[in-house]
Amino acid sequence: VRVRLASPIDIPTIVDLERASTPAAHWPRHQYETLFVPTRDRPSESKAWVVEDESGMLAFLVARRVGAEWELENIVVAEGVRRRGVATLLLDKLVAHARAEQGSGIFLEVRASNEGARALYRKAGFEEVGLRKSYYANPCEDAILGRLRL
Ligand SMILES: CC(C)(COP(=O)(O)OP(=O)(O)OC[C@H]1O[C@@H](n2cnc3c(N)ncnc32)[C@H](O)[C@@H]1OP(=O)(O)O)[C@@H](O)C(=O)NCCC(=O)NCCS
């Protein structure tokens, strides 16, 4: 498998992967399109990476930098290839990039019931530093706030 930066031609596949995953963050397609609009001279920037093999795209991650802080906005691995380290590859890529850009930390929110994702983030070194009450809708649920200091 290989990890690479996403490009606009990846959007349909990213949207398909996202739609197939209930706990993923769900964005309208145009929000993915804005990821590729140049961000020179803006205080924030977005980055997306994908993992693929010869069969096609297996996973994607989207993150956004605001000042020195990064926010992990979405990560989805195709159901058939989970528990093989694919999400860890993507997190490693984000951490390396954020470090290289002198980032101070990476933040994320995750549904309290999403035990798999919480375990993934803990294993990657994130601390659970807070709870945002009723942060999610459909169904209403608390968010756990994760932070990785860089
Ligand atoms: C959460 C998700 C991204 C994990 O992807 P993955 O490629 O399977 O994760 P990895 O293989 O890198 O897992 C690394 C470690 O995280 C933990 N982990 C990952 N998924 C887990 C699960 N379902 N249950 C328990 N622990 C889990 C394990 O410790 C795992 O290491 P191990 O397999 O050696 O035990 C994937 O399940 C997914 O796409 N879920 C749907 C979308 C989602 O919930 N996204 C997060 C929204 S905040």
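Before any of the text, the structure's been laid out above.
To start, this report covers the structure provided alongside it. Given the structure is predicted, the values throughout are model-derived calculations rather than measurements. (Residues numbered from 1 in each chain as written. Predicted model: local features only at pLDDT ≥ 70, side-chain atom pairs only at ≥ 80, totals over all residues. Heavy atoms only, no water.)

A few words on the nonpolar core. By size, the foremost hydrophobic cluster in this structure holds 26 residues, and its most contacted members are Leu61, Leu72, Ile75, Leu90, Leu94, Ile106 and Tyr121. Within the residue set of this core, elements represented by two or more residues are strand S2 (44-53), strand S3 (56-66), strand S4 (69-77), helix H3 (86-100), strand S5 (105-111), helix H4 (115-123) and strand S7 (141-149). Top element by residues in this core is H3. It accounts for seven residues. Contacts of Tyr121, omitting those with residues within four sequence positions, involve Leu72, Ile75, Leu91, Leu108, Val110 and Phe126. Counting 15 residues, the second-largest nonpolar core is a separate cluster that includes Trp27, Leu35, Ala48 and Phe60. (Core = buried A, V, L, I, M, F, W, Y, C linked by side-chain atoms within 4.5 Å. Buried < 20%, exposed > 50% of the residue type's maximum accessible area, 1.4 Å probe, protein only. Helix = DSSP H or I, 4+ residues; strand = E, 2+ residues; numbered from the N terminus. Contact = heavy atoms within 4.5 Å.)

Taken together, the neighbourhood of the ligand is formed by 21 residues, with Val77, Arg83, Gly85, Thr88 and Asn114 sitting nearest. One nitrogen or oxygen atom from the main chain of Ala87 is found 2.9 Å from an oxygen atom belonging to the ligand. Between the ligand and Thr88, the relevant distance is 2.5 Å, taken from an oxygen atom to a side-chain nitrogen or oxygen of the residue. Looking at the shell around the ligand, the elements with two or more residues in it are S4, H3, S5 and H4. Looking at the shell around the ligand, the element that brings in the most residues is H4, giving six residues. In terms of residue class, the shell around the ligand is made up of eleven nonpolar, five polar and five charged. (Near = heavy atom within 4 Å. Polar contact = N/O pair within 3.5 Å; in protein donor to acceptor, adjacent residues only side chain to side chain. Nonpolar A, V, L, I, M, F, W, Y, C, P; charged D, E, K, R; others polar.)

Attention now moves to the environment of Ile144. Summarising the element assignment, Ile144 is placed in strand S7. Put simply, Ile144 and Val51 are 93 residues apart on the chain and 26 Å apart in space, counted from C-alpha to C-alpha. Residues within four places of Ile144 in sequence aside, it is in contact with Leu108, Glu109, Val110, Ala112, Arg118, Glu128, Gly130 and Leu131.

The sheet built from seven strands is open, its strands ordered S1-S2-S3-S4-S5-S7-S6 with mixed pairing. Single-partner strands in this sheet number two, and they are strand S1 (2-5) and strand S6 (127-136). Taking each pair of neighbouring strands and ignoring which way they run, the sheet shows an average axis angle of 25 degrees. As paired strands, S2 and S3 are joined by ten bridges and run antiparallel to one another. Paired with Ser46 across the strands is Arg64, a residue of S3. Set on the sheet, helix H1 (residues 11-19) makes contact with S2, S3 and S4; between it and S3 the angle comes to about 95 degrees. Where H4 meets the sheet, it contacts S4, S5, S6 and S7, and its direction lies at approximately 160 degrees from that of S5. (Pairing = 2+ DSSP bridges. Axes fitted to C-alpha atoms, helices over the stretch in contact; angles between N-to-C directions.)

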